[in-house]
Amino acid sequence: MFAHLPPLAGRPAGFDDTIRFGRYGSLKYGSSLLALLVVAGVLVRLHLFLLLPLAGLAFYVVEVHFLFLFPLLLDCVAHPLRASVRATYRVGLLKALAWTLVLAAFMLAGLLSRRPWHNWHIGCLALIHWYRHEVRAGV
């Protein structure tokens, strides 16, 4: 992502290796996974097995709030978690969720192909493009 995100004017152009991307990723995907597990657990407990796909939706409802987290981290934005949530709501929660589901389906489907990471990389580039054109201007 860093290689495809042009540096901001007035900011250092180099990669900041002091940012704890792993911790931010653990928070983003850990909280999303927790939402999935809680919803799945409730649905199983209530014997509503046909509604289990809603657990996947719960994952993305949480994940979409941190949609722009990594590009914001690359831009060294102060309070990147809060900035990502604000950016998601500025874009529009339902619009962001809809596009995230489309991107996720494309990226995950690619994992079943002969070049499993190809779609994943394209999805990341799409997110960078989206960030640059809809979010970065307001940062």
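Residues numbered from 1 in each chain as written. Predicted model: local features only at pLDDT ≥ 70, side-chain atom pairs only at ≥ 80, totals over all residues. Heavy atoms only, no water.

Student: Just checking my understanding: could you explain helix H6 (residues 118-135) for this structure?
Tutor: Residue pairs spaced three or four apart in an α-helix point in one direction, given the helix's 3.6 residues per turn. In a regular helix each residue adds 1.5 Å, so 18 residues correspond to 26 Å; H6 covers 25 Å between its end C-alpha atoms and thus fits that length. Turning to H6, its buried residues number three or more, namely Asn119, Gly123, Leu127, Ile128, Trp130, Tyr131 and Val135. Of the surrounding elements, those touching the buried residues of H6 are helix H3 (69-74), helix H4 (80-91) and helix H5 (93-110). (Helix = DSSP H or I, 4+ residues; strand = E, 2+ residues; numbered from the N terminus. Expected span 1.5 Å × (residues − 1). Buried < 20%, exposed > 50% of the residue type's maximum accessible area, 1.4 Å probe, protein only. Contact = heavy atoms within 4.5 Å.)

Student: How should a nonpolar patch on the surface be read in this particular structure?
Tutor: Together, Leu34, Val38, Val42, Leu46, Leu48, Leu51, Leu54, Leu57, Val61 and Leu101 make up an exposed nonpolar region whose accessible area comes to about 800 Å². Under the relative-accessibility criterion, Leu51 is labelled partly exposed at 39%. (Patch = residues over 30% accessible without salt bridge, like charges linked within 9 Å, V, L, I, M, F, W, Y side chains within 5 Å. Areas by Shrake-Rupley, 256 points an atom, 1.4 Å probe, with all protein chains shown as cover. Salt bridge = Lys/Arg side-chain N within 4 Å of Asp/Glu carboxyl O.)

Student: Where do I start with the nonpolar core in this structure?
Tutor: Soluble globular proteins: nonpolar side chains tend toward being buried together. Grouped together as the largest cluster of nonpolar side chains are 21 residues, with contacts concentrated most on Leu67, Phe68 and Trp130. Elements supplying a minimum of two residues to this core: helix H2 (53-63), H3, H4, H5 and H6. Among the elements that take part in this core, H6 stands out by supplying five residues, more than any other. Formed by five residues, the second largest nonpolar core is a distinct cluster that contains Ile19, Leu69, Phe70 and Leu73. (Core = buried A, V, L, I, M, F, W, Y, C linked by side-chain atoms within 4.5 Å.)

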